[in-house]
Amino acid sequence: MSTTMPGFAAAWEQYWLHKGVSLDDTPAYPLARTVPMPADVGYETGALSFRMTDLQLQGVDRLAGAEFEPAESRVRVKLTLAQVTLRGRYALEVKPDPIVDIDTAGNLMDLAPDALRPIAGGADGDSGSLDPAKEEWLDQARDQRTRLQSTPQGLKLMEVYGEHNETYDSVFRTNSKLGVLWRADGATGAMAGDTSDALKNDTVVNASDKLYPGNRTYNGNAFVQQLNVASACVWTDPGFDPKKGPPPDSKYWAAAKAALAFGKGVGATTNNSKKQVTPLRPTEIHATIESQDPNKSLPPVADSEMGSIMAMGIKPGGADPASLPDWLVVDEEDQVRLRTLFEATMKQKAEDATITGQLLHEGAVSAEIDQVEAVLELNVEAGAISARCAQIDLPAYAFEIDDSTWAGAVADMARARLDATYFIRSLLHDAIVERLRGSLQDAAAYAYGLHVGLA
C-alpha cells in the first residue's frame, strides 16, 4: 500500500534552504593528439583536452512526489524530482604535442637491468647493490666537494650548484628523455671512470686524443651535457609556453642559465669548449679555481642568449646561428638532439593530466534532467532515522556545451571528438548519480524525521 504524506514536501524544501549539491571538477579528458594548430598558438601540433569545473545540481528541492510503504521499523520511499538541472563551466585546452620525425625507438634499452625492476614503496632504490666502482666515484665526488668548500672560490661554485640542486634533481627524475641523453651510449659513465683514475693519479682529466661512444672527446660530451641539462630544465617547467617562454621568476629558467654559466666560466678561465681542448690535471683545475676572485660570480647568461639557444630546439629549422652567443658551440648534431629532447618533453607533458594546457575556449555546460526517480529505504530505530539509497534512475538527457565561439579546424576536431567520446558523458552520468545518492539519503532522513516528529 502507498501513502502520500503532503507534509513531507514542506520538510524537504526546508532541508534545502541553505544547501546545494556540487560535483567535483573533472580532470582534463584527452580528446585528440597532434592536432594542427592555428598560427597564433605558437606551435604546430597540440594535444586537445576538455575539463569541467563549478558543476552544480539545481532543482533537488523541487519534489514532484513522495510515496511511502511502511513495514515495521523500515519505510520504503519512492521520490520523484520534477527536474534536476546541471550547470557548470568547461575549458577546452591544448598542450604542445609535436609529431616526432626523428627515430628515437629503442633509446630506453640503455637502462641498466637494476633500474627496470620494481621497488616497493618506501624502499631504498640502491638496495645496497651499487657497483663498487660507482661507490668509489661517489666517495671521490664527496671528497672533491669538501675540498672545494674549503676555499672561498670553490665554496662560491658549490653555492651556485646548491641553489639549483633540487631543480636539477626534479628534472632528472621527471624528464625521461634527459636520462637517455645523459648516458650517451655509455660515454658519460666511461668519462666518470677516467675522471676517477685522473683524481687518483693526478693525470689529465680531459685528454684530447681519446674518443668516447658517439665519437666525442671528453670536452665534447661534457659541454653537450650542459646544453642537455639546461634545455631540459626550461622545457620541463610546467608553466613553459613555447610561444611565450617561461613564466616569471621560473626556477627552471634560473637553473638552466646557471648550468650554461658554468660552461661559459670554464671556457673563459681554461680555454676549454666543446671543440677546443686544453688538457688539465686535477691539481691544475683546483689551482685555476683558487686563482679566481671569490667576490665575482660566474659570467652571467642573458635571457636573450638563453632564448636564442632554446630556439634551436623549438623551431623546426633551428635558430639563426648568428643569434647564438659566441661562447657556445651549437652544431647540426646539437640541433637534432635538442629538437628530439624538446619533442620528447612536450609529448611527455601532453600525456600528464596534472599539467594544465593553454586555454583555447571556455564557456558553459548544462543539462536538463526531467523526472528523476529515486528509491530509498529509511530505517527507524530507537528514535533515530538512517537512510540507504537503493536505486536512482536518470532518464535520457541532452548534455549541452556552449561552443558558439568555436571556429576553425581545431574547433571542428574538438566537436567531432566530443560527439564521439561517450566515456565523458558516462563518467558525468555516474558522478551525478553518486552525488545525488548521498544528498537524497541525507535529505530524506531529515525530512521524514521532521515530518513524524523525530528530527
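Calculation notes
- Residues numbered from 1 in each chain as written.
- Predicted model: local features only at pLDDT ≥ 70, side-chain atom pairs only at ≥ 80, totals over all residues.
- Heavy atoms only, no water.
- Salt bridge = Lys/Arg side-chain N within 4 Å of Asp/Glu carboxyl O.
- Helix = DSSP H or I, 4+ residues; strand = E, 2+ residues; numbered from the N terminus.
- Buried < 20%, exposed > 50% of the residue type's maximum accessible area, 1.4 Å probe, protein only.
- Expected span 1.5 Å × (residues − 1).
- Contact = heavy atoms within 4.5 Å.
- Polar contact = N/O pair within 3.5 Å; in protein donor to acceptor, adjacent residues only side chain to side chain.
- Core = buried A, V, L, I, M, F, W, Y, C linked by side-chain atoms within 4.5 Å.
- Phe/Tyr/Trp six-rings, centres within 6.5 Å; stacked < 30°, edge-to-face > 60°.
- 1 Å grid on protein atoms, 1.4 Å probe; cavity = no way out; pocket = protein on both sides within 12 Å on 5 of 7 lines; lining within 4 Å.
- Points joined across faces, edges and corners; volume = space filled by probe spheres on them.
- Pairing = 2+ DSSP bridges.
- Axes fitted to C-alpha atoms, helices over the stretch in contact; angles between N-to-C directions.
- Parallel < 35°, antiparallel > 145°, perpendicular 65-115°, else oblique.
- pLDDT = per-residue confidence, 0-100.

Student: Honestly, the pattern of salt bridges in this entry has me stumped. Any pointers?
Tutor: A side chain of one charge can pair with a side chain of the opposite charge when the charged atoms of the two come close. According to the stated counting rule, one finds 24 salt bridges in the structure shown. Residue K347 pairs with D97 through a salt bridge whose shortest N-O separation is 3.2 Å. Note that K347 is positioned in helix 11 (residues 332–350) and D97 in the loop between strand 6 (74–96) and helix 2 (113–116), a separation of 250 residues in sequence. Taking relative accessible area as the criterion, D97 reaches 0% and is therefore assigned buried. In this structure, the salt-bridge partner of D412 is R415, at a minimum N-O distance of 3.5 Å. Separated by three residues within a single helix, D412 and R415 lie in helix 12 (residues 409–420), roughly one turn from each other. What makes D412 partly exposed here is its relative accessible area of 48%. Overlapping salt bridges bring together K274, K275, D331, D334 and R337 as one network.

Student: Sorry, what's going on with helix 11 here?
Tutor: Every α-helical turn comprises 3.6 residues, leaving residues that sit three or four positions apart pointing alike. Across its 19 residues, helix 11 extends 27 Å between first and last C-alpha, which sits within 8% of the 27 Å expected from 1.5 Å per residue. Those residues of helix 11 lying buried are D334, R337, L338, R339, T340, L341, F342, E343, T345, M346, K349 and A350. Looking at the packing, one finds that the buried side of helix 11 touches strand 3 (29–36), strand 4 (45–58), strand 6, helix 5 (176–183), helix 7 (218–236) and helix 10 (303–314). A side-chain oxygen of the first residue of helix 11 lies 3.2 Å from the backbone nitrogen of E333; this N-cap is D331.

Student: Looking at this structure, how should I read the nonpolar core?
Tutor: The tendency in soluble globular proteins is for nonpolar side chains to be buried side by side. Of all hydrophobic cores here, the largest spans 61 residues; its most connected members are W12 and M52. Leave out the neighbours within four places in its chain, and W12 touches V60, D61, L63, L79, L81, L440, A443, A444 and A447. In terms of nonpolar packing, the next biggest core, distinct from the first, is built from 33 residues, V171, Y252, A259 and F342 among them.

Student: Please clarify how unusual backbone geometry should be interpreted in this entry.
Tutor: Where the residue is not glycine, phi is negative for most of them; where a peptide bond is considered, it is trans in most cases. Of note in the backbone geometry, A184 takes a positive phi value of approximately 50 degrees without being a glycine. Overall, the relative accessible area of 12% leaves A184 in the buried class.

Student: Mind showing me how you'd approach the packing of aromatic side chains here?
Tutor: Within a pair of aromatic rings, the relevant descriptors are the distance that separates the centres and the angle that separates the planes. All told, the structure shown has 11 aromatic pairs when counted by the stated rule. Judged by centre distance (5.0 Å) and plane angle (75 degrees), the rings of F8 and F68 are edge-to-face. Taken together, the residues F8 in helix 1 (residues 6–15) and F68 in strand 5 (residues 63–71) connect sequence positions 60 residues apart. Here the two residues F8 and F68 agree in accessibility, since each one is buried.

Student: I keep staring at empty space enclosed by the protein and nothing clicks. Help me out?
Tutor: To find leftover empty space, a probe the size of one water molecule is rolled over the atoms. Overall, the coordinates contain one cavity of 30 Å³ or more when judged by the stated rule. Considered as a void within the structure, the largest cavity measures approximately 30 Å³ in volume. Among the elements that line the lining of the largest cavity, the one with the most residues is helix 7, at three residues.

Student: What is the right way to look at the pairing of strand 6 in this model?
Tutor: Looking along a regular strand, one sees side chains alternate from face to face of the sheet. Looking at chain direction, strand 4 and strand 6 are connected through 11 bridges and run antiparallel. Opposite T53, over in strand 6, you have R89 as the bridge partner. With eight bridges connecting them, strand 5 and strand 6 associate as antiparallel partners. Following the sheet pairing, A66 is matched in strand 6 by L79. As defined by bridge partners, strand 6 adjoins strand 7 (residues 358–381) across 20 bridges and the pair is classed as antiparallel. Note on strand 7: the bridge partner recorded for R74 is N379.

Student: What am I meant to see in the packing of helix 5 against helix 7 here?
Tutor: Any two packed helices are characterised by how steeply their axes cross, that is the angle between the axes, and by the distance between the axes. At a minimum axis separation of 10 Å, helix 5 and helix 7 run at an interaxial angle of 175 degrees. In terms of orientation, helix 5 and helix 7 fall into the roughly antiparallel class. Residues L178, L181 and W182 of helix 5 form the contact with helix 7, whose participating residues are Q225, N228, V229 and A232.

Student: Hey, could you run me through the confidence of the model for the protein chain in this one?
Tutor: Parts of the prediction with low pLDDT should not have their coordinates interpreted in detail. For the protein chain, mean pLDDT is 82; residues scoring 70 or higher make up 88% of the total. Between residues 101–130, whose pLDDT stays under 50, and residues either more than four places distant or in other chains, the model counts 21 contacts.

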